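Topology and contacts: notes
Read off the chains here:
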Amino acid sequence: MDIADLRDRILKQERRALARAITLVESAREDHRAQASALLESLRGAGRQALRVGLSGTPGVGKSTFIESFGMMLTGQGLRVAVLAVDPSSARSGGSILGDKTRMERLSRDKNAFIRPSPSQTHLGGVARRTREAVALCEAAGFDVVLIETVGVGQSETVVSEMSDLFLLLLAPAGGDELQGVKRGIMEMADVILVNKADGALKTTAMRTCADYAGALRLLRKRPQDPKGFPKAMTVSALEEEGLMTAWKEINTLTEWRKEEGHWTARRAAQAQFWFHEEVRQGLLARLHKAQARKDLQLLDEKVASGVITPSQAAQEMLARLA
Ligand code: GDP
């Protein structure tokens, strides 16, 4: 593959080149990995810094509907929008719900939009790295907004929040008791909570739910990266395209404030370090699973069990062998 050519075509904002490049970074083949690294390196600092928006919500809450309406609104303003997904189910089973081709049909036909389902990988670490690299490629290809979507089931939110500039949590209207269903950790990641389906018969419930979440947000510890009034909860209707413009304005207010105050750059720097450490950890774990290491581990295990060596001595010996 001609990497220089691919690079040029990405910089010319060719969507097909972008799709090809993402396929390259998703590949586990050694030679592809090397090419992907070379490509990413050659694109570093090129293109623009997109606004990376993380979006999470449980199945059925209206993520695809929201992304489609919200995305169409943004492209309607002349912005270029990329949609990527981190799908923990694809990490487990190889089948992806977020990869469903029928989703976001209108947006996928928009020439200012680019939609890419989650890569099928065997573990979340692999999905995380590939999505991160895909984000970088979308930025190089001149996208203004990169939406990174995930299903709300635990760990994948952390992954998405660690690669986003801000995090949206999409929720459904619910009775008071169901508020407990959102884990505190996920609430703490949210910059804006959007209570969707605020239309028709659900409107009143949505407004009540929104007020409840606004109250819950006020109880959270104050974060230095928030201006007054954030994090905030608002109602939207993805279906009737209500409240989307207001949500976008709030996102911009938050972004501008963070940029002015230096939080935006600081967050990206901290995220880069997070991923550096994460890759080191993954790399060490991979070494630990190699055949020789497994044998070493087993031998040391026996010595630890019989008391010939202390656990910490054994650990030091093992780590020395891994180096
Ligand atoms: P996802 O699983 O989170 O991607 O959810 P979908 O976007 O597929 O939506 C699930 C269901 O909720 C579909 O039947 C949608 O039509 C419906 N839905 C999505 N957004 C809204 C909304 O704003 N109002 C109403 N009333 N229904 C919605």
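Residues numbered from 1 in each chain as written. Predicted model: local features only at pLDDT ≥ 70, side-chain atom pairs only at ≥ 80, totals over all residues. Heavy atoms only, no water.

1. Description of the packing of helix α13 (residues 291-305) against helix α14 (residues 311-322)
For the pair α13 and α14, the least separation of the axes is 10 Å and the interaxial angle reads 165°. The angle between α13 and α14 falls in the class roughly antiparallel. Considering only the axes of α13 and α14, their crossing is right-handed. Counting all contacts with α13, which are made through Ala-293, Asp-296, Leu-297, Leu-300 and Val-304, the residues of α14 involved are Pro-311, Ala-314, Glu-317, Met-318, Arg-321 and Leu-322. Residues of the contact of α13 with α14, tallied by class, amount to 8 nonpolar, no polar and 3 charged. (Axes fitted to C-alpha atoms, helices over the stretch in contact; angles between N-to-C directions. Helix = DSSP H or I, 4+ residues; strand = E, 2+ residues; numbered from the N terminus. Parallel < 35°, antiparallel > 145°, perpendicular 65-115°, else oblique. Left-handed = near helix turned anticlockwise from the far one by under 90°. Contact = heavy atoms within 4.5 Å. Nonpolar A, V, L, I, M, F, W, Y, C, P; charged D, E, K, R; others polar.)

2. As for the site of the ligand
Near the ligand, the surroundings consist of 15 residues, among which Gly-60, Lys-63, Ser-64, Thr-65 and Asp-199 are the closest. A distance of 2.5 Å separates an oxygen atom of the ligand from a polar side-chain atom of Ser-64. Broken down by class, the residue content of the shell around the ligand amounts to 4 nonpolar, 7 polar and 4 charged. (Near = heavy atom within 4 Å. Polar contact = N/O pair within 3.5 Å; in protein donor to acceptor, adjacent residues only side chain to side chain.)

3. Some points on the pairing of strand β6 (residues 192-195)
Side chains of β6 alternate between two faces, with Val-192 and Leu-194 and Ile-193 and Val-195 buried alike. Sheet topology note: the strand β5 (residues 166-171)/β6 ladder contains 4 bridges and is parallel. When the bridges of β6 are listed, Leu-168 appears paired with Val-192. Running through helix α10 (residues 203-218), the crossover from β6 to the neighbouring parallel element strand β7 (residues 232-235) is right-handed. (Buried < 20%, exposed > 50% of the residue type's maximum accessible area, 1.4 Å probe, protein only. Pairing = 2+ DSSP bridges. Right-handed = clockwise from strand over helix to strand, strands pointing away.)

4. Topic: the sheet that holds β6
Strand order in this open sheet of 7 strands is β3-β2-β4-β1-β5-β6-β7, and the pairing throughout is parallel. Each edge of the open sheet carries a strand with a single partner, namely β3 (113-115) and β7. Each strand axis lies, on average, 20° off the axis of its neighbour in the sheet, ignoring direction. Packing against the sheet, α10 makes contact with β5, β6 and β7, and its axis sits at approximately 175° to β7. Together, β1 (51-57), β4 (145-151), β5, β6 and β7 form the strand contacts of helix α11 (residues 244-261), whose direction differs from that of β5 by roughly 155°.

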